[in-house]
Amino acid sequence: MCGIVGIVGNQNVAGQLYDGLTVLQHRGQDAAGIATADGTRLRVHKDNGLVRDVFNPKAMSILEGRVGIAHCRYPTAGSEGMDEAQPFYVNSPYGIALAHNGNLINTDALRQDVFAEDRRNINTDSDSEVLLNVFAHELDMQRTLSPEAAIRAVAGVHRRVKGGYAVVSVVLGLGLVAFRDPNGIRPLVLGKRVHNDGSDEYIIASESAALDILGFTRVRDVLPGEAIVITARGELFSEICAEPQQHAPCIFEYVYFARPDSMIDNVSVHKARMRMGVKLGEKILRLRPDHDIDTIIPIPDTSRDAALEISNVLNVKYREGFIKNRYVGRTFIMPGQGERVKSVRRKLNPINLEFRNRVVLLVDDSIVRGTTSQQIVQMARDAGARKVYLASAAPPVRHPNIYGIDMPAVDELVANGRSIEEIEKFLGCDWLIYQDLEDLQAAVREGNPGLTEFDSSCFDGKYITGIEPGYFERIEQMRSDEAKRKRRVS
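Treat the numbers as computed from the prediction; the structure is a model and nothing was measured. Numbers given for residues are sequential positions, taken from 1 along each chain in its written order. At least 70 in pLDDT is required for a residue's local features to be given in this predicted model, at least 80 for side-chain atom pairs to be given and counted, and no such filter applies to totals for whole chains, interfaces and linings, which use all residues. As a rule here, side-chain values come from all non-hydrogen atoms in the structure, and water together with hydrogens is ignored.

Student: How do you make sense of helix α14 (residues 437-445) when you look at a structure like this?
Tutor: Every α-helix winds through 3.6 residues per turn, so residues three or four apart in the chain are directed the same way. Accessibility here uses a 1.4 Å probe with only protein chains present; expressed as a share of the type maximum, an area under 20% marks a residue as buried, one over 50% as exposed, and anything in between as partly exposed. We count a stretch as a helix when DSSP gives it H or I for four or more residues in a row; a strand needs E for two or more, and each element gets its number in order from the N terminus. Buried within α14 are the following residues: Leu437, Asp439, Leu440, Gln441, Ala443 and Val444. When checking whether two residues touch, look at their non-hydrogen atoms; a contact exists if any pair is within 4.5 Å. Residues of α14 that are buried sit in contact with α8 (252-257), β15 (267-268), α9 (269-287) and α15 (457-460).

Right, here's the structure in full:
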C-alpha cells in the first residue's frame, strides 16, 4: 500500500506535497519522493525512510515548479531498495514522472511486451516502472501532446494493464495526469481550491485527509476507469476511458488502512468503523447474551471506533488499556515478521489497572498473521486479566491480497487452513469472535448504497479481475517474509 498526491498550483507546490505526504505517512514508511515540473525541467528527490527524514531544506529548495507529484511507499511488488523509491521517471516522450498505489497482476507479461514490442527497458523489479513505461509508450503513439492525447494514452493503459492501481503523473509541457483502475479498487480523490487571485488550484490524492490539511475542498472521488488531466494553467479535462467494469473498492481500506478522517467513495471511514462495531456488538449479544465481559479495550489505533460502539451495544465500560509509542511504525506494514514481532512490545504498553482481575474484550480491526495478536493477548494476561476475549472487526483473512496490500503468502495467514477454534488456541485467548463478511460489507455500504460490490478477496477469495494460472505461486515466491529476508541479506 502506498500514498500518492498530485497538485497543480499557482506557486511552487513542493511544500504542499510534503505536507500532503505527512498526512499519508500511514500508507507507507519505506520510502518517499517528490517530483516537480518547472517549465521544461523535471526535478526529483527520493530516498528510503520517512517523509521527515527524506526531505531537508536543501532538497526542498531544489524542487521548483507549480505542478508536482509525491509518493510514500511500502513494498509489495519489487524489493525494498532505494532504486525502487518513487516517483519513477522516463525522458521519452516529453519527460514523465509517475507515482503509483496498488499492484498489477500481469506484470510479467507486460514486462516482456514493453521490451519486445515497445522497445523500452525496465531497470527494476517494480510494477510501477512497468506501468510508467506502458503509459509513456501509449502517449508516444499519439504523436501529439494535448489533454485529449493523454486521455487516449490512459485508455491504452487500461486496455493493457490488469490489477488495482491509482496513479498520478507529471507530463512536461502538459501538466498533471491521474487515473484509477476500471474496478476502482484503489482509492483516489479530487479536490479544488481558489487561489487569492481567483485562479483554480487542484489536488488529487489517495485520501481526502490530505486535502483537508492543505485547505482544498473535496470535489469527488476519481471514477473507476477515469482519466483526469489538469494542465499547468489549471484547466481540467476528464473522461472515463475504460470498458465498464464492476465498481469494487477495497474493503480493507475501511477496515484498517485509511485514516478515520478520510472519505473514500463517499463513505466516511470513521462512520463505517463505528457501524462495524455495532454489527459486531450485536453478534456478541446473539452468541452470548449472558456474557461476563467487564471491560472493552481497543488495540490502538484503528479499532477505537469499533470498540466504542461495541461498548455501547453491550452496555459495558470502554477503557483505554494500552499506551502506544508514537515513534514506532505500523507493525502490519513492516518488512518482515522479525521486525513485526520485535516491534509489538516497543509499540504497546498495558495499563495494568485496566486489566487486573477483569474479563476483558480486546478489539482489533483485523487479524492477519496472528503473531501480533498472540503477543497482545499474552500482555493482557501478564497485566492481570482473568479472561481475555478477542474480537476482530473484520472476518478471518484466509486468502492473499493481490491488489497492493502486503498479505500475499497464504501460509503466513493465521486463518488459512484453521478453524475458529484452532485460531483461538493459537492466539491463546479464551474466546475469539470475528465479524461476518455480510455485516462488514453492510457497514460500509450503508454510507453509500451505490456500492454494490467490494474487493473482499482476502476474506472470500473472489478476485474481481480474474487470476492467471500459477499467479499465486509466483507472488508467494516473491513476497513471503522469507523471500524478503533473503533480498535484504543479499
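Student: Any chance you could explain the packing of aromatic side chains here in plain terms?
Tutor: Any two aromatic rings considered together are summarised by their centre-to-centre distance and by the angle between their planes. Think of it this way: a Phe, Tyr or Trp ring, Trp meaning its six-membered ring, pairs with another when their centres are within 6.5 Å, and the plane angle makes it stacked under 30 degrees, edge-to-face over 60, tilted otherwise. All chains considered together, the criterion is met by 12 aromatic pairs. Members of the aromatic cluster, connected to one another through ring pairs, are Tyr74, Phe252, Tyr256, Phe257 and Phe459. Comment: the charge-over-ring label is applied if NZ (Lys) or CZ (Arg) is within 6 Å of the ring centre and within 35 degrees of the ring normal. Stacked on the ring of Phe88, the Lys or Arg Lys46 has its end atom at 4.8 Å from the ring centre. Its end group placed over the ring of Trp431, Arg288 keeps NZ or CZ at 3.9 Å from the ring centre.

Student: Quick question: what am I supposed to make of unusual backbone geometry here?
Tutor: Excluding glycine, residues mostly carry a negative phi; peptide bonds, for their part, are mostly trans. Ser92 connects to Pro93 through a cis peptide bond whose omega is 0°. Position of Pro93 relative to the elements: it lies in the loop between β5 (88-90) and β6 (96-104). That bond from Pro300 to Asp301 is cis: its omega, 5°, falls within 30 degrees of zero. Mapped onto the fold, Asp301 is located in the loop between β16 (295-298) and α10 (304-314).

Student: I'm lost on the sheet that holds strand β8 (residues 175-180) in this one. Help?
Tutor: The pairing of strands in a sheet comes from backbone hydrogen bonds and takes either a parallel or an antiparallel form. Within the open sheet, the six strands sit side by side as β5-β6-β7-β8-β12-β13. Their pairing is antiparallel. The open sheet terminates on both sides in strands that have one partner only, identified here as β5 and β13 (236-240). Shown here is a sheet whose adjacent strand axes are inclined to one another by a mean of 15°, direction ignored. Alignment of β8 against strand β12 (residues 226-231), held across five bridges, turns out to be antiparallel. The partner of Ala178 across the bridge, within β12, is Ile228. Here the axes come from fitting lines to C-alpha atoms, over the contacting stretch only for helices, and the angles between their N-to-C directions go from 0 to 180 degrees. Set on the sheet, helix α5 (residues 127-140) makes contact with β5, β6, β7 (163-171) and β8; between it and β6 the angle comes to about 125°. Sitting on the sheet, helix α6 (residues 147-160) touches β7, β8, β12 and β13, and the angle it makes with β12 is about 150°. A pair of strands is labelled paired if DSSP reports no fewer than 2 bridges between them.

Student: How should the pairing of strand β21 (residues 387-392) be read in this particular structure?
Tutor: Put simply, side chains in a regular strand alternate between the two faces of the sheet. Within β21, five of the six residues are buried, leaving the element largely enclosed by the surrounding structure. Note that strand β20 (residues 359-364) and β21 share six bridges and pair parallel. Across the sheet, the residue bridging to Val359 is Lys387, located in β21. Call a crossover right-handed when, viewed with both strands pointing away from you, the route from the first strand across the helix to the second goes clockwise. Following the backbone out of β20, through helix α12 (residues 371-382) and into the adjacent parallel β21, one traces a crossover that is right-handed. Bridge count between β21 and strand β22 (residues 431-434): four bridges; the pairing is parallel. When the bridges of β22 are listed, Ser392 appears paired with Tyr434.

Student: Please clarify how the packing of α9 against α14 should be interpreted in this entry.
Tutor: Axes are the key here: two packed helices are described by the angle between their axes and the distance separating the axes. One way to put it is that α9 packs onto α14 with a least axis distance of 8 Å and a crossing angle of 145°. As α9 packs across α14, the resulting crossing turns out to be right-handed. Counted together, Ala272, Arg275, Met276, Lys279 and Arg286 of α9 and Asp439, Leu440, Ala442, Ala443 and Val444 of α14 form the full contact between these two elements. Note on residue classes: Ala, Val, Leu, Ile, Met, Phe, Trp, Tyr, Cys and Pro are nonpolar, Asp, Glu, Lys and Arg are charged, and everything else, Gly too, is polar. Split into classes, the residues belonging to the contact of α9 with α14 amount to six nonpolar, no polar and four charged. Crossings are assigned a handedness: left-handed for a near helix turned anticlockwise from the far helix by less than a right angle, right-handed for a clockwise turn.

Student: Help me understand the state of the cysteines, please; the structure alone is not making it clear to me.
Tutor: A covalent bond bridging the sulfur atoms of two cysteines is what the word disulfide describes. Pairs of cysteine sulfur atoms within 2.5 Å are what we label disulfides. Using the criterion set out here, one finds zero disulfides in the structure. In this structure Cys2 is not part of a disulfide, and its nearest cysteine sulfur, from Cys72, lies 7.1 Å away. Of the cysteine sulfurs around Cys429, a residue in no disulfide, the closest is that of Cys458, at 20 Å.

Student: Would you explain the sheet that holds β16 in this entry?
Tutor: Read from one edge of the open sheet, five strands run β17-β16-β20-β21-β22, paired in parallel fashion. Where the open sheet ends on each side, the last strands, each with one partner, are β17 (317-318) and β22. Contacting β20, β21 and β22, α9 runs over the sheet at an angle of about 130° to β22. The strands touched by helix α13 (residues 420-427) are β21 and β22; relative to β22, the strand with the most contacts, the crossing angle is about 125°.

Student: Which parts of the structure should I look at to understand the environment of Gly68?
Tutor: Relative to the assigned elements, Gly68 resides in strand β4 (residues 67-73). Sequence separation between Gly68 and Ile7 is 61 residues; the distance between their C-alpha atoms is 5.6 Å. Gly68 has contacts with Val5, Gly6, Ile7, Val13, Leu17, Ala35, Thr36, Val170 and Leu176, leaving out every residue within four places of it along the chain.

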